[in-house]
Amino acid sequence: MCAVRSPLLHLTLFGRPVLRADGVEILGPGKPIFLLAYLACQPRWRAGRGRLIDLLWGDVPPARGRQTLRQTILQLRRRVAADLVLADGDDLMLAPAVR
């Protein structure tokens, strides 16, 4: 049997925000990293979708904000990890793998 090791994810919020996997930058500045940063700063690493949409896409109609949030989460799941951002009802939360 082979063990598969998941990469250690490290989110840096001071200075230039970046997400690294095993020391290699995989995500730099932009709304996806700001979504992760906001979740990382919240109690229990979670926030409501409505709050995230207001913060990140408050300048667009609500339906477009919801669509853009979904696309951002999908982008994070494809580029970083399928379980990076988890859903619990209306809340989104950062996976425990991010430290």
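Everything numeric here is computed off the predicted structure, so don't read it as measured data.

Participant: Account for the sheet that holds strand β2 (residues 18–21), naming residues and giving values.
Facilitator: One open sheet holds the three strands; their spatial order is β1-β2-β3, and the pairing between them is antiparallel. The open sheet terminates on both sides in strands that have one partner only, identified here as β1 (9–12) and β3 (24–27). Averaged over all pairs of adjacent strands, the angle between their axes in this sheet comes to 35 degrees, without regard to strand direction. The pairing of β1 with β2 spans four bridges and is antiparallel. Of the residues in β2, the one forming a bridge with L11 is L19. The sheet contacts of helix α1 (residues 31–40) involve β1, β2 and β3, and relative to β1 the element is tilted by about 90 degrees.

Participant: Any details on the pattern of salt bridges? Residues and values, ideally.
Facilitator: The full count for this structure, using the stated rule, is three salt bridges. As a salt-bridge pair, R16 and E25 come within 2.9 Å of each other at their nearest N and O atoms. The partly exposed category is assigned to R16, whose relative accessible area is 46%. Linking D91 and R46 is a salt bridge whose minimum nitrogen-to-oxygen distance equals 3.2 Å. Of this pair, D91 sits in strand β6 (residues 91–94) while R46 sits in strand β4 (residues 46–48); the two residues are 45 residues apart in sequence, bridging distant segments of the chain.

Participant: So, the side chain of T72: which residues are in play, and what are the values?
Facilitator: Mapped onto the elements, T72 comes out in helix α3 (residues 62–79). On the accessibility criterion, T72 (6% relative accessible area) is buried. At a separation of 2.8 Å, a polar atom in the side chain of T72 contacts the main-chain carbonyl oxygen of T68.

Participant: Would you mind going over the side chain of R46 in detail, with residue names and values included?
Facilitator: Given a relative accessible area of 15%, R46 falls into the buried group. A polar atom in the side chain of R46 sits 2.6 Å from the side chain of D88. Apart from residues lying up to four places away in sequence, R46 is in contact with L39, D88, D91, L92 and M93.

The rules we used
Residues numbered from 1 in each chain as written. Predicted model: local features only at pLDDT ≥ 70, side-chain atom pairs only at ≥ 80, totals over all residues. Heavy atoms only, no water. Pairing = 2+ DSSP bridges. Helix = DSSP H or I, 4+ residues; strand = E, 2+ residues; numbered from the N terminus. Axes fitted to C-alpha atoms, helices over the stretch in contact; angles between N-to-C directions. Contact = heavy atoms within 4.5 Å. Salt bridge = Lys/Arg side-chain N within 4 Å of Asp/Glu carboxyl O. Buried < 20%, exposed > 50% of the residue type's maximum accessible area, 1.4 Å probe, protein only. Polar contact = N/O pair within 3.5 Å; in protein donor to acceptor, adjacent residues only side chain to side chain.

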